[in-house]
Amino acid sequence: MSVAELESFLHLEFPQAFKNGDISIETADGSTSLLRQRYSEQMLRPGGTVSGPTLMALADFAMYVVLLSAIGPVGLAVTTNLNINFLRKGQPGQDVVAAARLLKLGKRLAVGEVLLLSGTSPDPIAHVTSTYSIPNV
């Protein structure tokens, strides 16, 4: 699925992912995706760092996008596992970028990883591995 096809499908089937208008799909090509979550103070936890729930949600959505870009509009593909390692503090005032890639795409399961980046820094703030279950269609 192209970025335009993904956005159309997701706005219809998963509109809550876009409710704040802060997440955009920059690229998706069947093996990788790049998403951006624009900075807002709502993403911060006490102490001024980007919260874990913000990072986990973005990583999960980035994995969903890369998977759909590979298999097409299968809305009922679901996360079966997500593991996150927080590596460094996400900086306030900076967008968070999620770079996802599929590691293995099988008939029933897909495994991928996501690097989360803060602003323009090349150093990841978190590393995520995730598994998705693909239903029979």
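Located above this text is the structure these notes cover.
Right, let's walk through the structure included here. (Residues numbered from 1 in each chain as written. Predicted model: local features only at pLDDT ≥ 70, side-chain atom pairs only at ≥ 80, totals over all residues. Heavy atoms only, no water.)

It is worth spelling out the overall build of the protein at this point. Secondary structure assignment for the protein yields 2 helices and 8 strands. Scaling as 2.2 N^0.38, a compact globule of 137 residues should have a C-alpha radius of gyration of about 14 Å, and the protein matches this with 14 Å. Taken along the three principal axes of its C-alpha coordinates, the protein extends 45 × 25 × 20 Å. By residue count, 41% of the 137 residues in the protein fall in the buried class. Here the contacts in the protein between residues at least 6 apart in sequence split such that 63% fall between residues at least 24 apart. Taken as a whole, the protein presents about 7000 Å² of accessible surface, with 54% of it coming from carbon and sulfur. Charged side chains of the protein number 10 positive and 11 negative; the gap between the two group centres comes to 8 Å. (Helix = DSSP H or I, 4+ residues; strand = E, 2+ residues; numbered from the N terminus. Rg over C-alpha atoms; globule rule 2.2 N^0.38 Å. Buried < 20%, exposed > 50% of the residue type's maximum accessible area, 1.4 Å probe, protein only. Contact = heavy atoms within 4.5 Å. Areas by Shrake-Rupley, 256 points an atom, 1.4 Å probe, with all protein chains shown as cover. Lys, Arg positive; Asp, Glu negative; His and termini not counted. Charge placed at Lys NZ, Arg CZ, Asp CG, Glu CD.)

Moving on, we get to the environment of Phe14. With respect to the helices and strands, the residue Phe14 is situated in the loop between α1 (3–13) and β1 (23–28). Sequence spacing of Phe14 and Ile84 is 70 residues, and the spatial spacing of their C-alpha atoms is 23 Å. Beyond its immediate chain neighbours, meaning those up to four positions away, Phe14 contacts Phe9, Phe61 and Tyr64.

Here the focus is the packing of aromatic side chains. On inspection of all chains with the given rule, the structure shows 4 aromatic pairs. Seen from their ring centres, Phe18 and Phe61 are 5.6 Å apart, and the 80° between their planes marks the pair as edge-to-face. Linking Phe18 in the loop between α1 and β1 with Phe61 in helix α2 (residues 52–71), this pair joins segments that are 43 residues apart in sequence. Judged by centre distance (5.9 Å) and plane angle (20°), the rings of Tyr64 and Tyr132 are stacked. (Phe/Tyr/Trp six-rings, centres within 6.5 Å; stacked < 30°, edge-to-face > 60°.)

This brings us to the nonpolar core. Of all hydrophobic cores here, the largest spans 36 residues; its most connected members are Leu10, Leu35, Phe61, Val114 and Leu116. Elements with a minimum of two residues in this core: α1, β1, α2, β6 (96–105), β7 (109–118) and β8 (124–133). If one sorts the elements of this core by residue count, α2 sits on top with 11 residues. When sequence neighbours within four positions are dropped, the list of residues in contact with Val114 reads Ala59, Ala62, Met63, Ala98, Ala99, Ala100, Ala126, His127 and Val128. (Core = buried A, V, L, I, M, F, W, Y, C linked by side-chain atoms within 4.5 Å.)

Note that Thr131 resides in strand β8. Taking relative accessible area as the criterion, Thr131 reaches 16% and is therefore assigned buried. With sequence-adjacent residues up to four places away left out, Thr131 is seen in contact with Val78, Thr79, Thr80, Asn81, Leu109, Ala110 and Val111.

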